[in-house]
Amino acid sequence: MMHSKWIETIVGAFVALGLGALLVLTLRISNLSLAGFGADSTYEIRAMFDNIGGLKVRSPVKMAGVTVGRVNAIEFDSKSYTAVAIIQIDKQYTQIPTDTGANVYTAGLLGEQYISLAPGGSEEFLKGGDVITDTQSAVVFEQVIGQFLYGKAAESGGDKDSKE
Amino acid sequence: MSALRALGRAGLSFFERLGRGHIFLLYTLGGLPATLYRWRLLTSQVFALGVLSLVIIAVSGLFVGMVLGLQGYNTLVDFGAEESLGILLALSLVRELGPVVSALLFAGRAGSALTAEIGLMKTTEQLAAMEMMAVDPLHRVVAPRLLAGILAMPLLAAIFSAVGVYGGYFVGVGLLGVDEGAFWSQMQSAVDFHDDILNGVIKSFVFGIAVTWIAVFEGYDTAPTSAGISRATTRTVVNSSLAVLGLDFVLTALMFD
Amino acid sequence: MQNNNQELEPLVRIRDLCFRRGERVIFDHINLSMPRGKITAIMGPSGCGKTTLLRMIGGQLKPLSGSVRVDGQEVTALSRGALMSLRQRMGMLFQSGALLTDLPVFDNVAFPLREHTRLPERMVRDLVLMKLEAVGLRGARDLMPSQLSGGMARRVALARAIALDPMIILYDEPFTGQDPISMGVLLRLIEQMNEALGTTSVIVSHDVREAASISDYIYVLSGGKIIGEGTPVQLDVSDSEWVRQFMDARPDGPVRFHYPARDIAEDLLAGGDE
């Protein structure tokens, strides 16, 4: 019984240490500062894409390379046969023009896909619930290769034709 | 024919033990609410299981992180990607090595001690004496230990991962000259709180349940002899290590599909 | 009326008890009664199931068939809660003492009080010191069980067994492995508990003379049956061969010296062929 105070103190310190380690992992190592957008600190916009490629929920949304938000959900609109990306934008970035375009890009050659916003010139800014329609689909690698190969084939076919 | 019979008998006794283990867990869980009221019992067990495992966990974490830093650097530098060392360190520690290695160490350090303690209490009739004093040993002895193990495991795993990251940081940035800013920023952009850190915590929580459960059950189920205790202790380490690795596969498949 | 009945009925009444472990028959339809306020001894050779009997009285083991009644309650049919509250009124002294090795003497004796009562710590302290005083170990309250001699450990265990002032104390081999002095101390303590507190005592023992010297009634168990019973004086003059062998410590008699085996000549001639 004499030692119980002492043991409790040590156990308390242990628990604090463990929670502290968790905190280090959370703040120092992970991207929680962005993941922590609550409903309060963000507003929601939508973007319609013909093809979103490998875009996933929680993929980053960037402007000029700076992450300004995240993809919150991806839905399929069965009327227009397009994909709808629902995007949460941090409230501190309120001045995004209404004619902003959205592209799905790949970080590096094989990296993850993200949405890049290209600001337009409008005087009005996007509000919660607005829709971006000026979008460019993800580049699907197979299509690019396919086009490249067709192009090559057409070129060489053309050469043959001219020789004959 | 006799081989077949032996197989059948082994199978039956396996299921018997499995059933007994689950009934045991059920009864013990009945004692958990009462344990929360008597937090003195709990703190002394968190001390025995958590605090006393701290040194081995922290030192192992440090070395695992340093080795990862060294190996990772040697591999990545060939591709000119040594700045990604932070990602490699953080992801492998937080997702896998932190929960798994600390659970294995916990099984060896605290699990075996738990089994031996409870087994010895059974052998020396202390558990029977409690029963005769109208005190349920499952509630008084086993429940606080189970709860303490479940609470301590995620904390230990978090300490392991954090110390490991700093061990790798020390080797990578301090000794090998990786750029500090790139080290942290790449790490932060790649590690996700939900997908990586929370899942790691969930993993270590599950491992904590598995290891402590196996340890207290083996102790409680000991044949009351010295040979029985040594067998039970060995079984605790072997079974809980296997359980941790098996569960890790299942959890990984569920979380990172 | 009912009170009267309870007075008449023995505290522990065992009827037609059967138990076996594997193939071995431990009890074969035995009947015993332990009257209130008396010391009853159950004697018999090692391995005849004396400890098993105590465990059945405490409800830790269930018999194959038969009835075990303690204070008018059928132990074999009690719910878990009722069994627990019955056990609070029982004290058991284990052969090894079975002290909780991670608690000092004081906390060991306080254990049942703290678990079952909501007494303030001051009162617990007073009670524990009184119980320890009764066994003469008030000065040893801060020692750990590992620092106690066997006899002292058993006395502490006795203090713990009487902490809740039980109606019955079950002693499992209280004299085994004790030196003459601690044996004498234990004998006197058991007698005192019985006289001062009016506690019913059941002693399981194979130390014939010691047990006989303090008990009011003795049962002799062997081979799953009761082979003799009576007051110590009656048993002393009994001419049953079984009782004589046991009371006089004869090596051979109805209870064979040899474990059952085939003939020795045959066994030796067989050599290593088997």
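The structure presented is a predicted model; accordingly, all values stated were derived computationally and were not measured.

### Digging into the overall build of chain C
Within chain C, the regular secondary structure consists of 11 helices and 10 strands. Computed over its C-alpha atoms, the radius of gyration of chain C comes to 21 Å, within 12% of the 19 Å expected for a compact globule of 274 residues. A principal-axis box enclosing the C-alpha atoms of chain C has dimensions of 70 × 50 × 40 Å. The 274 residues of chain C split such that 49% are buried. Of the contacts formed within chain C by residues at least 6 apart in sequence, a portion of 61% connects residues at least 24 apart. Carbon and sulfur atoms provide 51% of the accessible area of chain C, an area that totals close to 13700 Å². In chain C, which carries 31 positive and 34 negative side-chain charges, the distance between the mean positions of the two groups comes to 7 Å.

### Brief notes about the domain arrangement of chain A
As a measure of interface size, the accessible area lost when the parts come together is often cited. Under the domain assignment, chain A is made up of domain 1 (1–30) and domain 2 (39–145). Just the C-alpha atoms count here: the centres of domain 1 of chain A and domain 2 of chain A sit 42 Å apart.

### Concerning the pattern of salt bridges
A side chain of one charge can pair with a side chain of the opposite charge when the charged atoms of the two come close. This structure, assessed with the given rule, holds 23 salt bridges over all chains. In this structure, R20 of chain B and E16 of chain B form a salt bridge, with 3.4 Å as the shortest nitrogen-oxygen distance. Taken together, the positions of R20 of chain B and E16 of chain B, both in helix α1 (residues 2–30) and four residues apart, correspond to about one turn of that helix. The shortest N-O distance in the salt bridge between R138 of chain C and E133 of chain C comes to 2.4 Å. Of the residues examined, E133 of chain C reaches a relative accessible area of 44% and is grouped as partly exposed.

### Some words on the sheet that holds strand β10 (residues 225–230) of chain C
The strands that make up a sheet are held in pairs by hydrogen bonds between backbone atoms, and each pair lies either parallel or antiparallel. All names here are of chain C. Read across the open sheet, the six strands follow the order β6-β7-β8-β3-β9-β10; overall the sheet is mixed. Each having just a single partner strand, β6 (90–93) and β10 make up the two edges of the open sheet. Strand-to-strand twist of the sheet, defined as the mean angle between neighbouring strand axes without regard to direction, takes the value 15°. With four bridges connecting them, β6 and strand β7 (residues 168–172) associate as parallel partners. Looking across to β7, one finds that M90 is bridged to I168. Those strands touched by helix α6 (residues 150–161) are β6 and β7, and its axis lies near 170° from that of β6.

### Description of the pairing of strand β3 (residues 66–77) of chain A
Successive side chains on a regular strand alternate, one facing one side of the sheet and the next facing the other. Residues and elements named next belong to chain A. Pairing geometry for strand β2 (residues 60–63) and β3, over four bridges, is antiparallel. Residue pairing across strands places K62 opposite T67, the latter belonging to β3. Connecting β2 to the antiparallel partner β3 that follows it, the hairpin turn spans two residues, and A64 within it adopts a positive phi of roughly 55°. Sheet analysis places β3 next to strand β4 (residues 82–90), joined by eight bridges and oriented antiparallel. Looking at β4, one finds that A73 is bridged to I86.

### A look at the interface of chain C and chain B
Across the contact, 23 residues belong to chain C and 16 residues belong to chain B. Each partner contributes to the roughly 1700 Å² buried at the junction of chain C and chain B, and carbon and sulfur atoms together form 58% of this total. Our count for the chain C to chain B interface comes out at four salt bridges. A salt bridge links D136 of chain B to R80 of chain C; its shortest N-O distance comes to 2.4 Å. In this structure, the connection of chain C to chain B is made through 10 residue pairs in polar contact (both at pLDDT 80 or more). Going through the elements one at a time, α3 (80–87), β6 and α4 (105–116) of chain C are the ones with two or more residues in the side of chain C that touches chain B. Looking at the side of chain C that touches chain B element by element, the count peaks at four residues for α4 of chain C. Of the residues assigned to the side of chain C that touches chain B, the class counts are 10 nonpolar, seven polar and six charged.

### Digging into the interface of chain B and chain A
Listed as interface residues are 30 residues of chain B and, on the opposing side, 23 residues of chain A. For the pair chain B and chain A, the summed buried surface comes to about 2400 Å²; carbon and sulfur atoms form 75% of the total. Run the count over chain B and chain A and you get one salt bridge. Note that R40 of chain B and E8 of chain A form a salt bridge whose closest N and O atoms lie 2.8 Å from each other. Seen at the junction of chain B and chain A, the total is one residue pair in polar contact (both at pLDDT 80 or more). For the side of chain B that touches chain A, the elements supplying multiple residues, two or more each, are α3 (39–49), α5 (85–123), α7 (137–175), α8 (180–190) and α9 (193–220) of chain B. The element that contributes the greatest number of residues to the side of chain B that touches chain A is α7 of chain B, accounting for nine residues.

### Here we look at helix α4 (residues 54–76) of chain B
An ideal rise of 1.5 Å per residue puts 33 Å on 23 residues; α4 of chain B measures up with 32 Å between its terminal C-alpha atoms. Those residues of α4 of chain B that fall on the buried side of the exposure criterion are L54, I57, S60, G61, G65, L68, G69, G72, Y73 and L76 of chain B.

### Side note on the nonpolar core
In terms of nonpolar packing, the biggest core is built from 73 residues, with F14 and I29 of chain A together with F183 and M187 of chain B touching the most fellow members. At 18 residues, the largest contribution of residues to this core is made by α7 of chain B. Beyond its immediate chain neighbours, meaning those up to four positions away, F14 of chain A contacts V46, G50, V51, L54, A152, L155, L156 and I159 of chain B. A41, A140, L187 and I214 of chain C belong to the second-largest nonpolar core, a separate cluster that totals 46 residues.

### Focus: the packing of aromatic side chains
Applying the stated rule across the entire model yields 12 aromatic pairs over all chains. Note on F24 of chain B and Y220 of chain B: the rings are 5.3 Å apart at their centroids and 40° apart in plane angle, and the pair reads as tilted. Of this pair, F24 of chain B sits in helix α1 while Y220 of chain B sits in helix α9; the two residues are 196 residues apart in sequence, bridging distant segments of the chain. Judged by its relative accessible area of 22%, Y220 of chain B falls in the partly exposed class. Here Y217 of chain C and Y219 of chain C contribute two aromatic rings whose centre-to-centre distance is 5.3 Å and whose plane-to-plane angle is 65°, an arrangement assigned as edge-to-face. Judged by its relative accessible area of 4%, Y219 of chain C falls in the buried class. Ring-pair connections join several aromatic residues into one group, and the members of that group are Y166, Y169, F183 and W184 of chain B. Of note, K62 of chain A hangs over the ring of Y114 of chain A, and the distance from its end group to the ring centre comes to 4.9 Å. Positioned above the aromatic ring of W39 of chain B is the side chain of R40 of chain B, whose terminal nitrogen or guanidinium carbon lies 6.0 Å from the ring centre.

### So, the side chain of R87 of chain C
The residue R87 of chain C is located in helix α3 in this model. For R87 of chain C, which is buried and forms no salt bridge, the nearest opposite charge comes from E131 of chain B, at a distance of 4.4 Å. A distance of 3.0 Å separates a polar side-chain atom of R87 of chain C from the backbone oxygen of E131 of chain B. Among residues more than four places away in sequence, those in contact with R87 of chain C are E131, M132 and A134 of chain B together with G58, G59 and Q60 of chain C.

Basis of the calculations
Residues numbered from 1 in each chain as written. Chains lettered and ligands numbered in written order. Predicted model: local features only at pLDDT ≥ 70, side-chain atom pairs only at ≥ 80, totals over all residues. Heavy atoms only, no water. Helix = DSSP H or I, 4+ residues; strand = E, 2+ residues; numbered from the N terminus. Rg over C-alpha atoms; globule rule 2.2 N^0.38 Å. Buried < 20%, exposed > 50% of the residue type's maximum accessible area, 1.4 Å probe, protein only. Contact = heavy atoms within 4.5 Å. Areas by Shrake-Rupley, 256 points an atom, 1.4 Å probe, with all protein chains shown as cover. Lys, Arg positive; Asp, Glu negative; His and termini not counted. Charge placed at Lys NZ, Arg CZ, Asp CG, Glu CD. Domains from an automatic or database assignment. Salt bridge = Lys/Arg side-chain N within 4 Å of Asp/Glu carboxyl O. Pairing = 2+ DSSP bridges. Axes fitted to C-alpha atoms, helices over the stretch in contact; angles between N-to-C directions. Buried area = accessible area lost by both parts, 1.4 Å probe. Polar contact = N/O pair within 3.5 Å; in protein donor to acceptor, adjacent residues only side chain to side chain. Nonpolar A, V, L, I, M, F, W, Y, C, P; charged D, E, K, R; others polar. Expected span 1.5 Å × (residues − 1). Core = buried A, V, L, I, M, F, W, Y, C linked by side-chain atoms within 4.5 Å. Phe/Tyr/Trp six-rings, centres within 6.5 Å; stacked < 30°, edge-to-face > 60°. Lys NZ or Arg CZ within 6 Å of the ring centre and 35° of its normal.

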